[in-house]
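Next come the chains, spelled out residue by residue.
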Amino acid sequence: MAKLKLGPLADDKPVKLTIELPAELHKDLVQYGAILGRETAGAPIPPAKLIAPMLERFIATDRGFAKARREKAKPNLEGPEGGEQQD
């Protein structure tokens, strides 16, 4: 069996988003859904169900994004002028 990056998909409340995909990417998603379906649920998984978990996985494994997110979350311990904090 192939080692796919996605496992069983969680049933989650979606937010509707409309996108356009290149035909070749849609074809790849259909094939990916068929392979993943055989490995997990037994039935092909439609492309619309694959996109969110794929994006989640992509974001979770993007080191540059994780670093930027951590940098943004760091509190500014110096005040707005770079000196003492104002009360």
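Up top is the structure these notes are about.
Notes on the structure follow.

**Regarding the packing of helix α1 (residues 23–39) against helix α2 (residues 47–60)**
Line of reasoning, step 1. Two elements in contact, α1 and α2, have axes separated by 9 Å at closest approach and are oriented at 90°. As the angle between them shows, α1 and α2 are arranged roughly perpendicular. Taking contact as the criterion, the partners of His 26, Leu 29, Val 30, Tyr 32, Gly 33 and Leu 36 in α1 are, on α2, Pro 47, Leu 50, Ile 51 and Met 54.
Line of reasoning, step 2. Across the contact of α1 with α2, the residue classes tally to eight nonpolar, two polar and no charged.

**With respect to the nonpolar core**
Line of reasoning, step 1. Listed in full, the six residues of the largest apolar core are Leu 4, Leu 6, Leu 29, Leu 36, Ile 45 and Leu 50.
Line of reasoning, step 2. Once you skip the residues sitting within four places of it in the chain, Leu 29 turns out to touch Leu 21, Pro 47, Leu 50, Ile 51 and Met 54.

**Looking at the environment of Ala 10**
Line of reasoning, step 1. Topologically, Ala 10 is positioned in the segment before α1.
Line of reasoning, step 2. A residue is classified by how much of its surface remains accessible, and Ala 10, at 71% relative accessible area, is exposed.
Line of reasoning, step 3. Sequence separation between Ala 10 and Pro 53 is 43 residues; the distance between their C-alpha atoms is 8.5 Å.

**With respect to α1**
In an α-helix, one turn spans 3.6 residues; hence positions three or four apart end up facing the same way.
Line of reasoning, step 1. In this model, α1 (17 residues) spans 25 Å end to end at C-alpha, consistent with the 24 Å of a helix rising 1.5 Å per residue.
Line of reasoning, step 2. Turning to α1, its buried residues are Leu 29, Gly 33, Leu 36 and Gly 37. Within α1, the buried residues cover an arc of 100° as seen down the axis, which keeps them to one side. Facing away from the buried surface of α1 by more than 90 degrees, the exposed residues are Ala 23 and Arg 38.
Line of reasoning, step 3. Buried residues belonging to α1 abut α2.

What counts as what
Residues numbered from 1 in each chain as written. Predicted model: local features only at pLDDT ≥ 70, side-chain atom pairs only at ≥ 80, totals over all residues. Heavy atoms only, no water. Axes fitted to C-alpha atoms, helices over the stretch in contact; angles between N-to-C directions. Helix = DSSP H or I, 4+ residues; strand = E, 2+ residues; numbered from the N terminus. Parallel < 35°, antiparallel > 145°, perpendicular 65-115°, else oblique. Contact = heavy atoms within 4.5 Å. Nonpolar A, V, L, I, M, F, W, Y, C, P; charged D, E, K, R; others polar. Core = buried A, V, L, I, M, F, W, Y, C linked by side-chain atoms within 4.5 Å. Buried < 20%, exposed > 50% of the residue type's maximum accessible area, 1.4 Å probe, protein only. Expected span 1.5 Å × (residues − 1). Arc of directions from axis to C-beta.

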